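Summary of the model geometry
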Amino acid sequence: MFEEIISSLRRNKMRTALTGFSVAWGIFILIVLLGAGNGLLHSLDAQTRQRALNSMRVQPGWTSIEYKGHKAGRRVRMNESDVRELTAKLKDNIIDVMPTVSQSARLSHNQEYTNTSLIGVYPDHTKVEIIRMATGRFINQIDINDNRKVCVIGNKTADVLFPDSDPIGQFVNASGVNYKVIGTYTDDNSSDSQSAYIPFSTLMTIYDKGGYIDRMAFTTKGLETMELNEQFESDICEIMGERRMFDKNDNGALWIWNRMTNYLQTQGAMSILNTAIWVIGILTLISGIVGVSNIMLITVKERTHEFGIRKALGAKPRQILALIVAESIAITAIFGYVGMILGIGATELINMIVTQMNSEAFQDPTVDIAIAVEATVTLIIAGTLAGFFPAKKAVSIKPIEALRG
């Protein structure tokens, strides 16, 4: 049987090659598409692991709607009393609240300097923003209580100000005020990467902010759906609107960044993308299977006389059936395996390039070997069925009719 299959494939080299290419291309495209989808999913997971998903930022803006005699275009301000009010009224959903305040400054040490922002924070700030400490420590409660002049700077800032020495324990000057460096953190290319963190109480004391804060962040509980998160955001706008005299539907008055909502929306989009990838991949596979089926139909038609002679000489229907099915399996198995190897190789190559680029938007675009094997096995089974039905039709023909045809 093996020799007959090889002989048949050799007699039809071009036809076999084109059929095999469609099979290999189908499995190749499926694996590459799955790898691309996994690259986006892995990137999303990596980014969400870096920050608390159950967290929100609330930042005041400018009113865009007239409200109770107040004109549009007013600046909305927040202070710590607003923080206490929100915490009290939404205590069922709020875990921790962290107000922050910032101040532009020029950090310098000896002859070196850099422009940055001083951000006044509480120790719990790390519960909302994951800050990866490189050396030293972060702000603690004693720093807050004693209004200490200490700071935590980013690695890039440290490289600029202290190119040849360890920054821990040394002092930097921020627009005339000296701060002791107690720690450095790893920059993550976010908007706060160039900032220096100092105790909240210190910044409020040194820089006259009038008691106002720039934003508040808090962690939440019991908000696992889009509906619950939207209602919670609406409650925040209503409470703040009553306190600061603006319409709760004024989108410009209060800016809310809800990480859970963003995560749920992104998960939904990624789910749709993953489904689309599978649909495209499966349709590509089906095109390969259709190609195999068509080729087997042609093969059966061309060999009708041969099958008639075989049956006249005593060949049993199952022997002819096995021959045709085996040829179909051979085409799908050989070229399916080639497509799988090329697909895995392509995803590994892409992964190597992405790793060298240190990309955050696309990570580990590879496919589990088990999925690749399952897809190939599925293709082989489909190829078997593609050969089985024309073979079944062929063996049902009577020898005299096959010879006459």
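The notes below deal with the structure included here. (Residues numbered from 1 in each chain as written. Predicted model: local features only at pLDDT ≥ 70, side-chain atom pairs only at ≥ 80, totals over all residues. Heavy atoms only, no water.)

A short note on the overall build of the chain
If you tally the helices and strands in the chain, you get twelve helices and twelve strands. Since a compact globule built from 405 residues should have a radius of gyration of about 22 Å, the 34 Å found for the chain marks it as more spread out than a globular shape. With respect to the three principal axes, the spread of C-alpha positions in the chain is 105 × 60 × 30 Å. For the chain, buried positions account for 43% of its 405 residues. Surface exposure of the chain reaches about 20,900 Å², of which carbon and sulfur atoms provide 57%. Where the 40 positive side-chain charges of the chain centre and where its 40 negative ones centre are 8 Å apart. (Helix = DSSP H or I, 4+ residues; strand = E, 2+ residues; numbered from the N terminus. Rg over C-alpha atoms; globule rule 2.2 N^0.38 Å. Buried < 20%, exposed > 50% of the residue type's maximum accessible area, 1.4 Å probe, protein only. Areas by Shrake-Rupley, 256 points an atom, 1.4 Å probe, with all protein chains shown as cover. Lys, Arg positive; Asp, Glu negative; His and termini not counted. Charge placed at Lys NZ, Arg CZ, Asp CG, Glu CD.)

A short note on the pattern of salt bridges
By the definition in use, this model includes seven salt bridges. Residue Arg243 is joined to Glu85 by a salt bridge in which the shortest nitrogen-to-oxygen separation is 3.7 Å. One end of the pair, Arg243, is in helix α7 (residues 226-244); the other, Glu85, is in helix α3 (residues 80-89), and 158 residues separate them in sequence. Here Arg137 ties to Asp143 by a salt bridge, and the two come within 2.8 Å at their closest N and O atoms. Judged by relative accessible area, Asp143 falls into the buried class, the value being 0%. Via salt bridges that share partners, Asp82, Glu85, Lys89, Arg243 and Arg244 belong to a single interconnected network. (Salt bridge = Lys/Arg side-chain N within 4 Å of Asp/Glu carboxyl O.)

Let's talk about the layout of surface pockets
Within this model, the largest pocket holds a volume of roughly 350 Å³. Considering the residues around the largest pocket, the lining is formed by 20 residues, among which Gln59, Arg75, Ser102, Asp214 and Arg215 are closest to the centre. Those elements that provide at least two residues to the lining of the largest pocket are β1 (55-60), β3 (94-109), β4 (112-121) and β10 (212-213). Top element by residues in the lining of the largest pocket is β3. It accounts for three residues. Taken together, the residues of the lining of the largest pocket sort by class into eight nonpolar, six polar and six charged. (1 Å grid on protein atoms, 1.4 Å probe; cavity = no way out; pocket = protein on both sides within 12 Å on 5 of 7 lines; lining within 4 Å. Points joined across faces, edges and corners; volume = space filled by probe spheres on them. Nonpolar A, V, L, I, M, F, W, Y, C, P; charged D, E, K, R; others polar.)

Side note on helix α11 (residues 369-395)
The terminal C-alpha atoms of α11 lie 38 Å apart, and with 27 residues this matches the ideal 39 Å at 1.5 Å per residue to within 8%. Restricting attention to buried positions, one finds in α11 the residues Ala372, Ala375, Thr376, Leu379, Ala382, Gly383, Ala386, Gly387, Pro390, Ala391, Ala394 and Val395. (Expected span 1.5 Å × (residues − 1).)

Details of unusual backbone geometry
The phi angle at Lys68 is positive, at roughly 50°, despite the residue not being glycine. Secondary-structure assignment places Lys68 in the loop between β1 and β2 (78-79).

Topic: a nonpolar patch on the surface
Among the surface-exposed residues, Trp278, Val279, Ile282, Leu283, Ile286, Val290 and Ile371 lie close enough to one another that they form a single nonpolar patch of about 560 Å² accessible area. Looking at the nonpolar patch element by element, the count peaks at six residues for helix α8 (residues 259-302). On the secondary structure map, Ile286 appears in helix α8. Judged by its relative accessible area of 40%, Ile286 falls in the partly exposed class. (Patch = residues over 30% accessible without salt bridge, like charges linked within 9 Å, V, L, I, M, F, W, Y side chains within 5 Å.)

Quick notes on the nonpolar core
In terms of nonpolar packing, the biggest core is built from 52 residues, with Leu118, Tyr179 and Ile236 touching the most fellow members. Sequence-distant contacts of Leu118, that is, excluding residues within four places in its chain, are made with Val101, Ser102, Gln103, Ala105, Leu107, Ala174, Tyr179, Ala196, Ile198, Leu203 and Tyr207. With 26 residues, the next largest nonpolar core counts Val300, Val367, Ala386 and Ala394 among its residues. (Core = buried A, V, L, I, M, F, W, Y, C linked by side-chain atoms within 4.5 Å. Contact = heavy atoms within 4.5 Å.)

By themselves, these figures tell us nothing about what the structure is for.
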